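Breakdown of the fold
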Amino acid sequence: MSAVAEEFITEDGRKIGAVVMEMKNITLKFGGVVAIKDISFDIRQGEIRAIIGPNGAGKSSMLNVISGFYHPQEGEVWYKGARRPTMRPYQVAAQGIARTFQNIALFEGMSVLDNVMTGRLTHMKTNMFQQGLWYGKARAEEIENRQKAEEIIDFLEIQAIRKTPVGRLPYGLKKRVELARALAAEPSILLLDEPMAGMNVEEKEDMSRFILDVNDEFGTTIALIEHDMGVVMDLSDRVVVMDYGKKIGDGTPDEVRNNQNVIDAYLGVAHD
Amino acid sequence: MPEQFIWGIEVFLNGLMAGVLYALVALGFVLIYKASGIFNYAQGVMALFAAMTLVGIMNGQVPFAHLINAIFGTNVHHFGWHVPAFVAILLTACVMVGFAWIVQRFIFRHLVGQEPIILFMATIGLAYFLEGVSDLMWNSEIKKLDVGLPQGINFAIDDYTYGIFGYGFFIDNLDIVATIIAAILVLALTIFSQYSKQGRAMRAVADDHQAALSVGVSLNFVWIMVWSVAGFVALVAGIMWGTKSGVQFSLSLIALKALPVLMLGGFTSIPGAIVGGLIIGVGEKLFEFAVGPMIGGATENWFAYVLALIFLVFRPQGLFGEKIIERV
Ligand SMILES: Nc1ncnc2c1ncn2[C@@H]1O[C@H](COP(=O)(O)OP(=O)(O)OP(=O)(O)O)[C@@H](O)[C@H]1O
Ligand SMILES: [Mg+2]
């Protein structure tokens, strides 16, 4: 592997950091279907990295590989300079990688606040025996976690629905609650699978603003999948383009926009 | 006051206390069902196994004595010591945790994502297997269980009610203790599931597996935990029932008493299991008292099921079960 620059200046003149995560030659198959074919790319500290591509290109599969939900047949995942062994999703979460799902996965029976609190689980240290023995300490921890959850709730402007059972919320708000829960984990990398799918223009604008704010205020590295080209070009520092499981482009929004392979894929030029 | 009415109160109280025990058994079902969608047919046998293990440990019985003697030609049956009840209960609780681990590791881990009916079948297999293991491990004769719980009529209540009604209520001390212990257990479980980290993880898994994984919960750990807790609940139920009527095979049939409770209270609700248990307990005792003599008695065997059936027709999701809404 050739040495990579410690820093990187984006088109907008934003400075982003060194590589924190690197996918090396990932191949993922489901029976005969090759969802990801020998793909490599990296994610840099503090950047917003978009993954785009037509339906069925393998974008969600890639996110699932990063978060430990799928295990590739070939390839390596490197995180913070070390090769990551095969990990279960809960282990990945404990490493500071949080995610949302394309088809929203919330705890429908719990309130918004409780949902956000579950995002704090990886930060809860005292176990049940300690909780029984050192009531005071457990209580202090609970209060701290609760405070953090409330901060996130304020940040995403969902105070009004804190106590509402999530099952009753409209789609757009559910997406926001899911983001809140992921943020509550104070992740170092945040993975978002189509955070704006199915939203109207106004909701999309809100969500875009939140994503930028999160990146800006918390310095969170974000990898997101999105179909809306306008949004992708506005938000992201660098873009990976996938088509039929293969990587067909990788670079700044401008580079990708002018890449002939990408243009072909989006214009639906026949594959051979 | 008319005699019938006073007797009725006594029957009511006894029904409440029987109901607490039903609720306790039902609770074991609810815990596992909520967290893993498994209807655990083996819950009753777990109570039997726990009670047998407890007696075996207390009496210093050598586990698998029959097997060992048959293989090695030895003749060992007892270690020759007695273990104090408290220590034996702790050891049995550890055995139930070990059992939970084995069940998860060797059975349900391999069945993740299977149809509920297949999981149910697996628990039927587990029930009969565990029954066999219990016999092999501790032999099948009827055993007396005495962990030092008070038994017999409570004279204070007898005297007190005699003073008021001119008729002394017969309330068994064991029932009173059982009620108190069950109440503490339920309270502890509620606090545990609402406020502890593990309880939160448990609720998360019960609600959505994917989401639980994404916030860092290990499904495997939670499932071992709920089976352990269910095992502990089975142990408590086994102690109460075993103290009352001896530790024997019929103990595993208390599961049949829990079924109508579940139909009434819903499979996913802890408060439902409690209220359902109380309603069934009181209902069957009062029915037997008021109607039983007219139709030849023995109504306790079927009344609970009829009550539950009637209930099912009007509220299929149970008393507190989550409402089933069909999305179209
Ligand atoms: N769990 C799975 N089992 C079998 N096949 C799968 C599974 N997950 C994904 N696939 C297949 O892998 C391919 C890529 O799917 P993936 O969901 O990653 O696409 P995507 O780029 O996210 O598409 P979309 O934009 O529609 O969300 C598809 O052919 C899909 O059918
Ligand atoms: Mg997708």
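Before reading further, recall that the structure is shown in the block above.
A brief structural summary. Counting of residues starts from 1 at the beginning of each chain's written sequence and follows it residue by residue. Chain A is the first chain written and ligand 1 is the first ligand written, with later ones labelled in order. Only residues with pLDDT of 70 or above have their local features reported here, since the model is predicted, and side-chain atom pairs are shown and tallied only from 80 upward, although totals for entire chains, interfaces and linings are computed over all residues. Working from all heavy atoms in the structure, the side-chain values ignore hydrogens and water.

Points about the coordination of the magnesium ion (ligand 2)
Donor selection uses N, O and S atoms within 2.8 Å of the metal (3.2 Å for Na, K and Ca). Since no water is included, sites may look incomplete. On the protein side, the magnesium ion (ligand 2) has Ser60 of chain A (OG) and Gln102 of chain A (OE1) as donor atoms, found 1.9 to 2.1 Å from it. With a gap of 42 residues between them, Ser60 of chain A in helix α1 (residues 59-66) and Gln102 of chain A in the loop between β8 (97-99) and α3 (112-118) connect regions that are remote in the sequence. Helix and strand definitions here come from DSSP, where helices need a minimum of 4 consecutive H or I residues and strands a minimum of 2 consecutive E residues; each element is numbered from the N-terminal end.

Section: helix α8 (residues 197-207) of chain B
Turn by turn, an α-helix covers 3.6 residues, leaving residues three or four places apart pointing in a common direction. By the criterion of burial, α8 of chain B is predominantly enclosed, with eight of the eleven residues buried. In this scheme, a residue with accessible area under 20% of its type's maximum is buried, one over 50% is exposed, and one in between is partly exposed, where area comes from a 1.4 Å probe on protein chains only. Considered for burial, the residues of α8 of chain B that qualify are Gln198, Gly199, Arg200, Ala201, Met202, Arg203, Ala204 and Val205 of chain B.

A few points about the nonpolar core
Among the buried residues, those of types Ala, Val, Leu, Ile, Met, Phe, Trp, Tyr and Cys that are joined through side-chain atoms within 4.5 Å form a nonpolar core. The biggest cluster of nonpolar side chains holds 136 residues, and the ones touching the most others in it are Leu156 and Leu190 of chain A together with Trp227 of chain B. With 17 residues, the top contributor of residues to this core is helix α10 (residues 219-245) of chain B. Only heavy atoms matter for contacts: two residues are in contact if any of them lie within 4.5 Å across the pair. Look past the residues within four positions of Trp227 of chain B in its chain and what remains in contact with it is Ile32, Asn40, Met46, Phe99, Ala100, Val103, Phe108 and Leu126 of chain B. By size, the runner-up hydrophobic cluster in this structure holds 27 residues, among which are Ile43, Ala57, Met62 and Leu63 of chain A.

Quick look at the site of ligand 1
All names here are of chain A. When we say a residue is near a molecule or strand, we mean one of its heavy atoms is within 4 Å of it. Taken together, 14 residues form the shell around ligand 1, and within it Gly56, Lys59, Ser60, Ser61 and Gln102 come nearest. N or O atoms within 3.5 Å of each other form a polar contact, as long as, within protein, one can give a hydrogen and the other can take it, and as long as residues adjacent in sequence are counted only when both atoms are side-chain atoms. Between ligand 1 and the protein, one listed contact pairs an oxygen atom with a side-chain N or O atom of Lys59 at 2.7 Å. Calculation on ligand 1 without its partners gives an accessible area of 630 Å², and the protein chains cover 64% of this total. At the level of elements, β4 (33-44) and α1 are the ones that each hand at least two residues to the shell around ligand 1. In short, Shrake-Rupley with a 1.4 Å probe defines the accessible areas, and a residue's cover is counted only from the protein chains shown.

Comments concerning the interface of chain A and chain B
Taken together, the contact pairs 26 residues of chain A with 22 residues of chain B. When two parts are put together, the accessible area they lose, computed with a 1.4 Å probe and summed over both, is reported as buried area. Here chain A and chain B share an interface that buries about 2,000 Å² over both sides, 63% of which is from carbon and sulfur atoms. Throughout this description, the term salt bridge denotes a Lys or Arg side-chain nitrogen within 4 Å of a carboxyl oxygen of Asp or Glu. Linking chain A with chain B are two salt bridges, by the criterion used here. Note that Asp114 of chain A and Arg203 of chain B form a salt bridge whose closest N and O atoms lie 3.8 Å from each other. Summed over the shared surface of chain A and chain B, the number is four residue pairs in polar contact (both at pLDDT 80 or more). Elements with a minimum of two residues in the side of chain A that touches chain B: α2 (89-94), α3 and α4 (128-133) of chain A.

Description of the sheet that holds strand β10 (residues 221-225) of chain A
Sheet strands associate in pairs through backbone hydrogen bonding, adopting either a parallel or an antiparallel arrangement. Residues and elements named next belong to chain A. When DSSP finds at least two bridges between two strands, those strands are taken to pair. Strand order in the open sheet formed by six strands is β8-β9-β10-β5-β11-β12, and the pairing between neighbours is mixed. Bordering the open sheet on either side are β8 and β12 (246-251), each of which pairs with just one other strand. Averaged over neighbouring strand pairs, the angle between their axes works out to 15 degrees when direction is ignored. Examined bridge by bridge, strand β5 (residues 48-52) and β10 share four bridges and lie parallel to one another. The convention used is that axes are lines fitted to C-alpha atoms, helices contributing only their stretch in contact, and that angles between N-to-C directions extend from 0 to 180 degrees.

Observations concerning the sheet that holds β4 of chain A
All names here are of chain A. Here we have four strands laid out as an open sheet, ordered β4-β3-β6-β7, and antiparallel in their pairing. Lying at the two open borders of the sheet, with one neighbouring strand each, are β4 and β7 (82-84). Ignoring strand direction, the axes of neighbouring strands in this sheet form an average angle of 25 degrees. Where strand β3 (residues 19-30) meets strand β6 (residues 74-79), five bridges bridge the pair, whose relative direction is antiparallel. Each bridged residue has a counterpart across the sheet, and for Met23 the counterpart in β6 is Val77. Set on the sheet, α1 makes contact with β3, β4, β6 and β7; between it and β3 the angle comes to about 120 degrees.

Thoughts on the pattern of salt bridges
All names here are of chain B. All told, the structure shown has 24 salt bridges over all chains when counted by the stated rule. Put simply, Asp175 and Lys244 hold a salt bridge, and the shortest N to O gap is 3.0 Å. Of the two residues, Asp175 is situated in helix α7 (residues 173-195) and Lys244 in helix α10; the sequence distance between them amounts to 69 residues. Assessed through its relative accessible area of 9%, Asp175 is described here as buried. Overall, Lys244 belongs to the partly exposed group, its relative accessible area being 43%.

Structural notes on the packing of aromatic side chains
Residues and elements named next belong to chain B. Any Phe, Tyr or Trp ring, taking Trp's six-membered ring, that has another such ring centre within 6.5 Å forms a pair; planes under 30 degrees apart are called stacked, those over 60 apart edge-to-face, and the others tilted. Summed over all chains, the structure comprises 19 aromatic pairs over all chains. Ring geometry for Tyr41 versus Tyr128: centroids 6.4 Å apart, planes at 35 degrees, classification tilted. In this pair, Tyr41 is assigned in the loop between α1 (3-36) and α2 (43-58) and Tyr128 in helix α5 (residues 116-138), connecting sequence segments 87 residues apart. A residue is classified by how much of its surface remains accessible, and Tyr41, at 34% relative accessible area, is partly exposed. In textbook terms, an aromatic cluster arises when at least three aromatic residues are bridged by ring pairs, as seen for Phe29, Tyr33, Phe39, Tyr41, Phe120, Tyr128 and Phe267.

A short note on the packing of α7 of chain B against α10 of chain B
Residue and element names in this part refer to chain B. For the pair α7 and α10, the least separation of the axes is 10 Å and the interaxial angle reads 170 degrees. As the angle between them shows, α7 and α10 are arranged roughly antiparallel. Seen from α7, the contacting residues are Leu174, Asp175, Ala178, Ile181, Leu185, Leu189 and Phe192; seen from α10, they are Met225, Val229, Phe232, Val233, Val236, Met240, Thr243 and Lys244. All amino acids are sorted into three groups, where Ala, Val, Leu, Ile, Met, Phe, Trp, Tyr, Cys and Pro are nonpolar, Asp, Glu, Lys and Arg are charged, and the leftover types, Gly among them, are polar. Taken together, the residues that form the contact of α7 with α10 break down as twelve nonpolar, one polar and two charged. Convention used here: angles under 35 degrees read as roughly parallel, angles over 145 as roughly antiparallel, angles from 65 to 115 as roughly perpendicular, and any remaining angle as oblique.

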